[in-house]
Amino acid sequence: MSALLAGLVDDAGLFPPTALPPAGAVARHRRDRAAAHPMHTLRFLVPVGRLEEIRAELGPDDRLLLGLIADAAGPGDPGDRLRAALETVAADDRLETALVEVPLAVFGGDPATAVPAALAATAGAGVPVFLEPAAPSGIGALLTAVAGAPGIGAKLRCGGVRAELFPTPAEVLHFVVSCARAGVPFKATAGLHHAVRHRDTETGFTHHGYLNLLLAAARAAAGPGAPAPVLDALRTESADTLTRELTALSGPDAAAARALFVSYGSCSTATPVSEARTLLGTA
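Every value quoted in this text rests on a predicted model; they were computed, and no experiment measured them. (Residues numbered from 1 in each chain as written. Predicted model: local features only at pLDDT ≥ 70, side-chain atom pairs only at ≥ 80, totals over all residues. Heavy atoms only, no water.)

**As for the overall build of the protein chain**
Part 1 of the reasoning: Scanning the protein chain for helices and strands turns up 12 helices and 10 strands.
Part 2 of the reasoning: The principal-axis extents of the C-alpha atoms in the protein chain amount to approximately 45 × 40 × 40 Å.
Part 3 of the reasoning: The buried share among the 283 residues of the protein chain stands at 51%.
Part 4 of the reasoning: Within the protein chain, contacts between residues at least 6 apart in sequence are counted, and of these 70% link residues at least 24 apart.
Part 5 of the reasoning: As presented, the protein chain carries roughly 11700 Å² of accessible surface, and 56% of it is formed by carbon and sulfur atoms.
Part 6 of the reasoning: Averaging the positions of the 23 positive and the 28 negative side-chain charges in the protein chain gives two centres separated by 3 Å. (Helix = DSSP H or I, 4+ residues; strand = E, 2+ residues; numbered from the N terminus. Buried < 20%, exposed > 50% of the residue type's maximum accessible area, 1.4 Å probe, protein only. Contact = heavy atoms within 4.5 Å. Areas by Shrake-Rupley, 256 points an atom, 1.4 Å probe, with all protein chains shown as cover. Lys, Arg positive; Asp, Glu negative; His and termini not counted. Charge placed at Lys NZ, Arg CZ, Asp CG, Glu CD.)

Structure below.
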């Protein structure tokens, strides 16, 4: 399990529902960096439009590894803003870009035109780039548009502040299996704070669990031609089922699962760790 969970959680503290203010997000990230829990990637996810807010909170001794996220905030061309942000990070000794995430909606949404625009904006960045289709169902067109491009991954949105932002298990299945068949890694974001699929009693939203997604990735990596077991993994609400199979994975199978499912952004960095400790006995 240590290999399966290592470096799984990106820090998305700036994003809802937690939506920490910049000072609070940076302070929490400092604490996480000092603790260096193995589940944390220690990547801090920052939208381009909020980069200067974060820089204003940093002291001379801070060091942040960023996941820079393209957004539509601000005037002018989004590609120019993304390029400028990458240059700003490169010129700041306190910052380093670890990866870039690009919602294709920022560039109009149509993969045929948005993918070339995103790749042009990130050319020369020298880091992995994860592209998010306007909806999970658009993964096929995205994969067609990036076929053969090196260092490119996909991004799966698993939830948000509205019910329609939560994809169905069948939609997640299609996304995961499509990536497995194409040999394209993916990240995930939103709605995955907890380990196991469940219904939130306050919002009424049914959330996917990060253990569900890990098992789905393991099954897809092992046999992308057989989608039924992947769907079963996404649908189950049994913690026992998930933990039993995940703890039984061989080292190579766990590595294959994580090569496919790279990480996910969580606005809580504590909950994933505490639930792994409770369900799996991790440190």
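**Here we look at the sheet that holds strand E10 (residues 261–266)**
Part 1 of the reasoning: An order of E1-E2-E3-E4-E5-E6-E7-E10 is seen for the eight strands of this closed barrel, with the pairing classed as parallel. Here the average twist between neighbouring strands, direction ignored, is 30 degrees.
Part 2 of the reasoning: Relative to strand E4 (residues 95–103), strand E3 (residues 64–69) is paired through six bridges, and the arrangement is parallel. Across the sheet, the residue bridging to Leu64 is Leu95, located in E4.
Part 3 of the reasoning: Docked against the sheet, helix H5 (residues 111–122) engages E4, strand E5 (129–132) and strand E6 (152–157), running at close to 155 degrees with respect to E5. (Pairing = 2+ DSSP bridges. Axes fitted to C-alpha atoms, helices over the stretch in contact; angles between N-to-C directions.)

**Overview of helix H9 (residues 227–235)**
Part 1 of the reasoning: Within H9 the residues assigned to the buried category are Val230, Leu231, Ala233 and Leu234. Buried residues of H9, viewed axially, fall in a sector of 155 degrees; they line one side.
Part 2 of the reasoning: Contacts from the buried residues of H9 go to helix H7 (169–182), helix H8 (210–222) and helix H10 (239–247). (Arc of directions from axis to C-beta.)

**Thoughts on the environment of Ala147**
Part 1 of the reasoning: Here Ala147 shows up in the loop between helix H6 (139–146) and E6.
Part 2 of the reasoning: For Ala147, a relative accessible area of 63% translates into the label exposed.
Part 3 of the reasoning: Note: C-alpha distance between Ala147 and Arg83 (64 residues apart in sequence) is 23 Å.

**Focus: the pairing of E4**
Part 1 of the reasoning: Taking burial as the measure, the nine residues of E4 include eight buried ones, the bulk of the element.
Part 2 of the reasoning: Traced from E3 through helix H4 (residues 78–91) to E4, the parallel crossover comes out right-handed. (Right-handed = clockwise from strand over helix to strand, strands pointing away.)

**Quick word on the pattern of salt bridges**
Part 1 of the reasoning: If you walk through the whole model with that rule in mind, you get 15 salt bridges.
Part 2 of the reasoning: The shortest N-O distance in the salt bridge between Asp80 and Arg83 comes to 2.7 Å. Of the two residues, Asp80 and Arg83 are both situated in helix H4; the distance of three residues between them amounts to about one turn of the helix.
Part 3 of the reasoning: Taking the relative accessible area as the measure of exposure, Asp80 reaches 44% and is therefore partly exposed.
Part 4 of the reasoning: For Lys155, the salt bridge is made with Glu101, and the minimal N-O distance between the two is 2.6 Å. With Lys155 in strand E6 and Glu101 in strand E4, this residue pair connects regions lying 54 residues apart in the sequence. Considered together, Lys155 and Glu101 belong to a single accessibility category, that of buried residues.
Part 5 of the reasoning: Connected via shared salt-bridge partners are Asp10, Arg43, Glu101, Glu132, Lys155, Arg157 and Lys187. (Salt bridge = Lys/Arg side-chain N within 4 Å of Asp/Glu carboxyl O.)

**Considerations on the packing of aromatic side chains**
Part 1 of the reasoning: Tallied over the entire structure, the rule returns four aromatic pairs.
Part 2 of the reasoning: Here Phe175 and Phe186 contribute two aromatic rings whose centre-to-centre distance is 5.8 Å and whose plane-to-plane angle is 85 degrees, an arrangement assigned as edge-to-face. Taken as a pair, Phe175 in helix H7 and Phe186 in strand E7 (residues 186–189) lie far apart in primary sequence, 11 residues in all.
Part 3 of the reasoning: Given the relative accessible area of 0%, Phe175 is considered buried.
Part 4 of the reasoning: Overall, the relative accessible area of 0% leaves Phe186 in the buried class.
Part 5 of the reasoning: Plain terms: the ring middles of Phe186 and Phe261 are 5.3 Å apart, the flat faces sit at 5 degrees to each other, and that makes the pair stacked. (Phe/Tyr/Trp six-rings, centres within 6.5 Å; stacked < 30°, edge-to-face > 60°.)

**Structural notes on the nonpolar core**
General note: in soluble globular proteins, nonpolar side chains tend to be found buried as a group.
Part 1 of the reasoning: In this structure, Leu131, Phe186, Tyr210 and Leu213 are the most contacted members of the largest nonpolar core, which totals 79 residues.
Part 2 of the reasoning: Considering each element in turn, this core owes the most residues, nine residues, to H8.
Part 3 of the reasoning: In contact with Tyr210, not counting residues within four places along its chain, are Leu5, Leu8, Met39, Leu192, His193, His194, Ala195, Phe261, Tyr264, Pro272, Glu275 and Ala276. (Core = buried A, V, L, I, M, F, W, Y, C linked by side-chain atoms within 4.5 Å.)

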